Amino acid sequence: MSATPQQNAIHDLVVGEEPLTIEKFAGKDDPDAADVLAMTEQLGVRMVDLKFTDVPGTWQHMTLSISGLDEDAFSDGLGFDGSSIRGFQQISESDMLLMPDPTTARVDPFYSTRTLSLICNVIDPITREAYSRDPRYVAQKAERHLAASGVADTAYFGPEAEFYVFDHVAFDQEPHSAYYEVDTAEAYWNRGAGFGVRGAPPNVGHHPRSQEGYFPVPPMDTLGDLRSLMVMTLEALGVPCEFHHHEVGGPGQGEIDLRFQPLLRMSDTLMMHKYIVKNVARASGKSATFLPKPIFEENGSGMHVHQSLWKGGNTLMFDENGYALLSELALSYVAGLLEHGRALMAFCAPAPNSYRRLVPGYEAPVNLVHSQRNRSAAVRIPMYLSSPKAKRVEFRPPDPLTNPYLGFSAMLMAGLDGIKRGLEPGTPIDTDLYELSDEELAQIVNVPSSLAEAMDALQSDHQFLLEGDVFTSDLIEEWISYKRAEAKEIDLRPHPWEFVQSYDG
């Protein structure tokens, strides 16, 4: 299929010579408001897009004419109605301020009018204090808490956010009907498309078989060029990438690996990553989704999160004599992830659909154990490289609906609690977990099986999150209340399969 005009416009922008990031424009790591204003003038920016994250983890935005942006906006803030944002203020105290972060300035490639993007923090206009429910503020506090702990000065995170790309998606729910439908030319169910239909578009074959999308070359993989454009766009906007490839899900699943970065920067980066993937797909006449389980009996989309602690430029994770070359500190970090694994799912598998993915089979990591290489364990220690700098742990249960500011911070707090308490992760399990006997499996703690169960776990185990005031009781209470309401919305609605099971009973 030939490229759309929108695809061509994005391609021409990202391969051009213009500096699209403030770091590249200013030539320094700590640009300020004056640098941003100089960038807007030189690049002919007409609009400024102010982005911030709501509590569930979706980017919100409002757009300001460049004539309204001055240096005072970076110190005084820009007002908006917080009562209309999910998880934020009540209507009686709705006024809030956005504080643009000049280090996040990027040209947004998806507007026809030259637009600069700025990620913002949220503050209270009366007290001028940071807003406790602002997810980005939680991540900033987590980094400060890490430094204050003396354990490490940097926590690196490297998420692998899988996604599906579809040619068509439709869904609705009414009192008397319910349906969803996704389709892609890649899908195995289109192998017979056009058969016996006069004048139907040609079917050129080469459809990946179910659960065999990892990872044949073209023409089986029809999305390589699209993913390449996503990567080129990410890198033009300052996001270093590594591999991209088709994933196991035959009907259009993919993955783009982002190079690890410190917690806050990676949280910003993951929000940008999802924004770029969705909009490059949209510009190509397709739809990308990070929904964990859009297709029955296909692999779900997870977000395995690689993590490591560093101090003074040196890794704290490596010990040549340790299990899987991990240091004692790293093993205690792993123990913290496992100890609080069920509560972590409240942030790391944050939707009812998350638990369609977290079931045995389909490579789902439902067992709260650790292992080297074993992909069915909740914590895997990658063994690709023996270099100390490459040593890390991988927490596999999360999915890409995770609000990264909250999810990464919660994982860090769990790991630090393991270090603080000197926890041990128990005996590693390096055999296939799906081949263990029922008696052996009964000894293993699993992740929750539903969103409601995850909220129960968080309600009974969240003290570790309150250390250093990183999370607040107010935020946790709001999160639990909001997510319980989401789960109830599903519980109240009849499901089509219930009719298959019971209509004629």
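These lines cover the structure that appears in this document, whether it is placed above or below. (Residues numbered from 1 in each chain as written. Predicted model: local features only at pLDDT ≥ 70, side-chain atom pairs only at ≥ 80, totals over all residues. Heavy atoms only, no water.)

**Concerning the packing of helix α13 (residues 451-460) against helix α15 (residues 473-491)**
Applied cut-off: Only the stretch in contact is used when a helix axis is fitted, and all axes are lines through C-alpha atoms; the angle between N-to-C directions ranges over 0 to 180 degrees. Numbering of helices and strands runs from the N terminus; a helix is a DSSP stretch of H or I covering at least four residues, while a strand is a stretch of E covering at least two. The labels follow the angle: roughly parallel below 35 degrees, roughly antiparallel above 145, roughly perpendicular from 65 to 115, and oblique for the rest. With the far helix as reference, a near helix turned anticlockwise by less than a right angle produces a left-handed crossing, and one turned clockwise produces a right-handed crossing. Contacts are assigned to residue pairs that have any heavy atoms within 4.5 Å of one another.
Put simply, α13 and α15 touch, their axes get as near as 9 Å, and they point 160° apart. The angle between the axes of α13 and α15 places the two elements in the roughly antiparallel class. Read as a crossing pair, α13 and α15 show a hand that is left-handed. On α15, the residues touching Leu 451, Ala 452, Met 455, Asp 456, Leu 458 and Gln 459 of α13 are Ile 476, Trp 479, Ile 480, Lys 483, Arg 484, Glu 486 and Ala 487.

**Here we look at the nonpolar core**
This is how the line gets drawn: Here, nonpolar core means buried Ala, Val, Leu, Ile, Met, Phe, Trp, Tyr and Cys residues that are tied together by side-chain atoms lying within 4.5 Å of each other. Burial status follows relative accessibility: with a 1.4 Å probe on protein chains alone, a residue under 20% of its type maximum counts as buried, one over 50% as exposed, and anything between as partly exposed.
Core analysis: the largest hydrophobic core is formed by 121 residues, its most contacted members being Phe 157, Leu 309, Leu 344, Met 345, Leu 412 and Phe 471. Tallying contributions element by element places helix α7 (residues 263-283) first for this core, with 12 residues. Ranked by size, the runner-up nonpolar core spans six residues in total, among them Val 369, Ile 429, Leu 433 and Leu 436.

**Description of helix α6 (residues 224-236)**
Quick note on the threshold: A helix's residues, less one, multiplied by 1.5 Å, set its expected span.
Between its first and last C-alpha atoms α6 spans 18 Å; for 13 residues at 1.5 Å apiece the expected length is 18 Å, and the two agree. For α6, the full list of buried residues reads Gly 224, Leu 226, Arg 227, Leu 229, Met 230, Val 231, Thr 233, Leu 234 and Ala 236. In this structure, the buried residues of α6 make contact with α1 (5-14), β7 (154-166), β10 (241-246), β11 (253-258) and α7. Following α6 by one or two positions, Gly 238 has its phi on the positive side, about 85°.

**Topic: the side chain of Thr 104**
Positionally, Thr 104 belongs in the loop between β4 (95-100) and β5 (106-108). When near neighbours in sequence (up to four residues on either side) are disregarded, Thr 104 contacts Ser 117, Leu 118, Ile 119, Arg 136 and Asp 268.

**A word on a nonpolar patch on the surface**
The condition is simple: Two joining distances apply to patches: 9 Å for like charges and 5 Å for nonpolar side chains (Val, Leu, Ile, Met, Phe, Trp, Tyr), and every residue must have over 30% relative accessible area and no salt bridge. Here the open area of atoms and residues is found with the Shrake-Rupley method and a 1.4 Å probe, where only the protein chains shown may cover a residue. Salt bridge, as used here: a side-chain nitrogen of Lys or Arg that lies within 4 Å of a carboxyl oxygen of Asp or Glu.
Among the surface-exposed residues, Val 169, Phe 171, Tyr 180 and Phe 296 lie close enough to one another that they form a single nonpolar patch of about 510 Å² accessible area. Residue position: Phe 296 is located in the loop between β13 (287-289) and β14 (303-311).

**Things to note about helix α5 (residues 135-149)**
Spanning 15 residues, α5 covers 21 Å between terminal C-alpha atoms, matching the ideal 21 Å at 1.5 Å per step. Those residues of α5 that fall on the buried side of the exposure criterion are Pro 135, Arg 136, Tyr 137, Val 138, Ala 139, Gln 140, Lys 141, Ala 142, His 145 and Leu 146.

**Some points on the pairing of strand β2 (residues 59-65)**
Operational definition: Any two strands are treated as partners once DSSP identifies two or more bridges connecting them.
Bridging between strand β1 (residues 47-53) and β2 involves seven bridges; their strand directions are antiparallel. Across the sheet, residue Met 47 finds its bridge partner in β2, namely Ser 65. Counting the residues in the hairpin turn of β1 and β2 gives five residues, including Gly 57, whose phi is positive at 115°.

**Thoughts on the side chain of Thr 4**
Threshold: Whenever two N or O atoms come within 3.5 Å, that pair is a polar contact, provided that in protein one can donate a hydrogen and the other can accept it, and provided that, for residues adjacent in sequence, both atoms are side-chain atoms.
Locating Thr 4 in the fold gives a position in the segment before α1. Thr 4 sits in the buried class, given a relative accessible area of 17%. In this structure the side chain of Thr 4 is engaged in a polar contact, spanning 2.5 Å, whose partner is the backbone oxygen of Ala 283. Setting aside chain neighbours within four positions, we find Thr 4 in contact with Ala 283 and Ser 284.

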